[in-house]
Amino acid sequence: MSDVAETTTMYERLGGAVVIDRLVEAFYARMDTLPEAEGIRAMHADDLGNTKQVLKRYLSEWTGGPKLYSPEKGHPRLRQRHMGFSIGNGERDAWLLCMHGALEETVADAAARAAIYDAMAKLADWMRNTAGNPHDTVGHAARP
């Protein structure tokens with residue numbers, strides 16, 4: 001018997017590549033149809049093919065699966081990569097609405113679904129880049 005504890009990655013808990021693919025497709029289907037997502041959908045190209053592939057590769061790696069994103073794109077630097085878009089509370093909430101529904105539709109493991117949503121909510125909150133977001137000022141000394 002081995003003394004090494006088995007570890008299961010979030011990627012495996014979610015269901016691997018098949019579920020990541022379904023998750024991304026369900027996410028963008030919601031972005032295309034939910035009125036609440038109209039603003040964030042407008043930030044994307046009409047053809048979502050490339051965007052979907054990038055998100056699938058990112059989520060694969062981010063959840064502990066195959067490293068499909070960084071060999072091509074390097075460090076994610078997600079906030080920096082999204083600075084060209086105005087992301088405030090409304091955009092964050094619309095993104096999370098789409099992702100929550102997609103997770104509910106595609107991920108069978110309720111505990112994994114909740115854990116990944118919590119992690120995504122923190123990431124989505126960090127992505128806000130409009131003036132007045134608390135993460136831009138916390139821990140920074142006030143400038144004269």
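The rules behind each value
- Residues numbered from 1 in each chain as written.
- Predicted model: local features only at pLDDT ≥ 70, side-chain atom pairs only at ≥ 80, totals over all residues.
- Heavy atoms only, no water.
- Helix = DSSP H or I, 4+ residues; strand = E, 2+ residues; numbered from the N terminus.
- Buried < 20%, exposed > 50% of the residue type's maximum accessible area, 1.4 Å probe, protein only.
- Contact = heavy atoms within 4.5 Å.
- Areas by Shrake-Rupley, 256 points an atom, 1.4 Å probe, with all protein chains shown as cover.
- Core = buried A, V, L, I, M, F, W, Y, C linked by side-chain atoms within 4.5 Å.
- Salt bridge = Lys/Arg side-chain N within 4 Å of Asp/Glu carboxyl O.
- Expected span 1.5 Å × (residues − 1).
- Phe/Tyr/Trp six-rings, centres within 6.5 Å; stacked < 30°, edge-to-face > 60°.

Draft legend 1. How the structure looks around the overall build of the chain. Across its full length, the chain carries eight helices and zero strands. Of the regular secondary structure in the chain, the N- to C-terminal order runs α-α-α-α-α-α-α-α. For the chain, the residues scored as buried account for 36% of the 144 residues in total. A separation of at least 24 residues holds for 68% of the contacts in the chain among residues at least 6 apart in sequence. When the accessible surface of the chain is summed, it comes to about 8800 Å², and 55% of that surface belongs to carbon and sulfur atoms.

Draft legend 2. Fine view of the nonpolar core. In this structure, L14, F27, Y28, M31, L55, L59 and L103 are the most contacted members of the largest nonpolar core, which totals 26 residues. Elements with a contribution of two residues or more to this core: α1 (10-14), α2 (16-33), α4 (49-62), α7 (89-106) and α8 (110-126). With residues near it in sequence (within four places) discarded, F27 still touches L55, W95, C98, M99 and A102.

Draft legend 3. Representation of the pattern of salt bridges in the model. Tallied over the entire structure, the rule returns nine salt bridges. D109 is the partner of R13 in a salt bridge, and the nearest nitrogen-oxygen pair spans 3.9 Å. You can see R13 sitting in helix α1 and its partner D109 sitting in the loop between α7 and α8, a full 96 residues away along the chain. One salt-bridge network, in which partners are shared between bridges, spans R92, D93, D125 and R128.

Draft legend 4. Fine view of the environment of A29. You can see A29 is positioned in helix α2. Spatially, the C-alpha atom of A29 lies 8.5 Å from that of C98, the residues being 69 residues apart in sequence.

Draft legend 5. Focus on α2. Under the 1.5 Å per step criterion, the end-to-end length of α2 is 26 Å for 18 residues, consistent within 8% with the ideal 26 Å. Every buried residue belonging to α2 is among G16, V19, I20, L23, V24, A26, F27, Y28 and M31, and all of these are buried. Elements that come into contact with the buried residues of α2 comprise α1, α3 (38-41), α4 and α7.

Draft legend 6. Structural view of the packing of aromatic side chains. On inspection of all chains with the given rule, the structure shows three aromatic pairs. Taken together, a centroid distance of 6.1 Å and an interplanar angle of 20° make the contact between Y58 and W62 stacked. Here Y58 and its partner W62 are both found in helix α4, four residues apart, which amounts to about one turn of the helix. We classify W62 as partly exposed; its relative accessible area is 31%.

Draft legend 7. Here's a closer look at the environment of E38. Along the chain, the position of E38 falls in helix α3. By relative accessible area, E38 is classed as exposed at 60%. For the pair E38 and E91, spaced 53 residues apart in sequence, the C-alpha separation works out to 9.6 Å.

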